[in-house]
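Results of the structural survey
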Amino acid sequence: MKLLIVEDDLEAAAYLAKAFREAGIVLDHASDGESGLFLATENSYDVLVIDRMLPRRDGLSLISELRQRNIHTPVLILSALGQVDDRVTGLRAGGDDYLPKPYAFSELLARVEVLGRRKGTPEQDMVYRVGDLELDRLSHTVKRAGKEILLQPREFRLLEYLMKNAGQVVTRTMLLENVWDYHFDPQTNVIDVHVSRLRSKIEKDFDQPLLRTVRGAGYMMKEEAAV
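As recorded by an unreviewed UniProt entry, the protein chain carries the name Response regulator transcription factor and is attributed to Shinella sumterensis.

**As for the domain arrangement of the protein chain**
Note on interface size: it is often stated as the accessible area lost on association of the parts. Domain parsing of the protein chain yields domain 1 (2-118) and domain 2 (127-226). Of the residues lining the interface, six residues belong to domain 1; the matching set on domain 2 comes to eight residues. Carbon and sulfur atoms supply 60% of the area that domain 1 and domain 2 bury against each other, a total of about 600 Å² over both sides. Of all residues in domain 1, Arg 21, Glu 22 and Val 26 give up the largest surface area on contact with domain 2, accounting jointly for 62% of the area buried on that side. At the junction of domain 1 with domain 2, the criterion picks out zero salt bridges. With three residues, the single largest contributor to the side of domain 1 that touches domain 2 is helix α1 (residues 10-22).

**With respect to the packing of aromatic side chains**
Applying the stated criterion across every chain yields a total of two aromatic pairs. For the pair Tyr 15 and Phe 105, a centre-to-centre distance of 6.4 Å together with 80° between the ring planes defines the contact as edge-to-face. Of the two residues, Tyr 15 sits in helix α1 while Phe 105 sits in helix α5 (residues 105-119), which places them 90 residues apart along the sequence. Between Phe 20 and Phe 105, the aromatic rings sit 4.9 Å apart at their centres with planes inclined by 70°, giving edge-to-face as the arrangement. In this pair, Phe 20 is assigned in helix α1 and Phe 105 in helix α5, connecting sequence segments 85 residues apart. For Phe 105, a relative accessible area of 16% puts it in the buried group. Through a chain of ring-to-ring contacts, three or more aromatic side chains come together here, namely Tyr 15, Phe 20 and Phe 105.

**A closer look at the pattern of salt bridges**
Counting across every chain of the model gives 15 salt bridges. The residue Arg 144 makes a salt bridge to Asp 132 at a minimum N-O spacing of 2.8 Å. Taken together, the residues span a long stretch of sequence, with Arg 144 in strand β8 (residues 141-144) and Asp 132 in the loop between β6 (127-130) and β7 (133-136) at a distance of twelve residues. Each member of the salt-bridge network shares a partner with another, and the members are Glu 7, Asp 51 and Lys 101.

**Here's the deal with the pairing of strand β2 (residues 26-30)**
Every other side chain in a regular strand lies on the same face of the sheet, so the side chains alternate between the two faces. Pairing geometry for strand β1 (residues 2-6) and β2, over five bridges, is parallel. Residue pairing for β2: Ile 5 is matched across the bridge by His 29.

**Here we look at the packing of helix α2 (residues 33-42) against helix α3 (residues 59-68)**
It is the contact of α2 with α3, at a shortest axis distance of 10 Å, that shows an interaxial angle of 25°. Our classification of the angle between α2 and α3 gives roughly parallel. α2 and α3 meet at a crossing whose hand is right-handed. On the side of α2, the interface is formed by Gly 33, Gly 36, Leu 37, Ala 40 and Thr 41, while α3 contributes Leu 62, Glu 65 and Leu 66. Counted by class, the contact of α2 with α3 contains four nonpolar, three polar and one charged residues.

**Some remarks on the sheet that holds strand β11 (residues 211-214)**
Sheet architecture is open: three strands sit in the order β10-β12-β11, paired in antiparallel fashion. Two strands lie at the open edges of the sheet, namely β10 (170-171) and β11, each paired on one side alone. Where β11 and strand β12 (residues 218-221) come together, four bridges link them in antiparallel fashion. Note that in β12 the partner of Arg 212 across the bridge is Met 220. Packing against the sheet, helix α7 (residues 153-164) makes contact with β10, β11 and β12, and its axis sits at approximately 75° to β12. The strands that helix α9 (residues 190-203) touches are β11 and β12; relative to β11, the one it contacts most, it runs at about 145°.

**Quick word on the sheet that holds β6**
Pairing within the open sheet is antiparallel, and its four strands lie in the order β6-β7-β8-β9. Looking at strand neighbours, the two that pair on one side only are β6 and β9 (147-149), the edges of this open sheet. Going across the sheet, the axis of each strand differs from the next one's by a mean of 25°, ignoring polarity. Note: β6 against β7, four bridges, orientation antiparallel. Each residue of the ladder has a partner; that of Val 130, found in β7, is Leu 133.

What counts, and at which threshold
Residues numbered from 1 in each chain as written. Predicted model: local features only at pLDDT ≥ 70, side-chain atom pairs only at ≥ 80, totals over all residues. Heavy atoms only, no water. Domains from an automatic or database assignment. Contact = heavy atoms within 4.5 Å. Buried area = accessible area lost by both parts, 1.4 Å probe. Salt bridge = Lys/Arg side-chain N within 4 Å of Asp/Glu carboxyl O. Helix = DSSP H or I, 4+ residues; strand = E, 2+ residues; numbered from the N terminus. Phe/Tyr/Trp six-rings, centres within 6.5 Å; stacked < 30°, edge-to-face > 60°. Buried < 20%, exposed > 50% of the residue type's maximum accessible area, 1.4 Å probe, protein only. Pairing = 2+ DSSP bridges. Axes fitted to C-alpha atoms, helices over the stretch in contact; angles between N-to-C directions. Parallel < 35°, antiparallel > 145°, perpendicular 65-115°, else oblique. Left-handed = near helix turned anticlockwise from the far one by under 90°. Nonpolar A, V, L, I, M, F, W, Y, C, P; charged D, E, K, R; others polar.

Next comes the structure, spelled out in structure tokens:
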């Protein structure tokens, strides 16, 4: 999932960026309405998270302009204005959801995930992204930082399943059932071998690891937040 956050509070934006990236979500950030409008029109996003009170162009004006330009990416509005009339105004301006401040990040993440599923265009369903790694299910290609990576069919299927569940622990049982179609443990190291080969291909020559081993649990595809 790719997200755009339009938030002028830089401390809040940095917190959200770190939290979303830890959840495996790729994102861009704009600190004012005009910058947000530019990014939202020039790039493709799954969800837009827009603060209502913004410099240069307020959030509701930004959303209205996007809708007038026939851009219907789902929008979640964040606002300190939480009365019923405020929420109704935001939704009527073109917002799809409205979350008053303060909020719990877990709720924000859940709402963003719901909106991301709502968009659900075939093209987006065909492409998975984690950090700079991209898997295209239609063309059966994998690229990292624009460089194509050649995978064997089973490696591709393994990576596809891991990226589909990015940010979540994928257990060995889940891999056996969904990648190998085994509904029993064959008592072999087939998973370890394939994960090792896959990791060497997608992480060789790149500084940032994406495929993590979660000791005693399984594996996780996740982009590490920048320090």
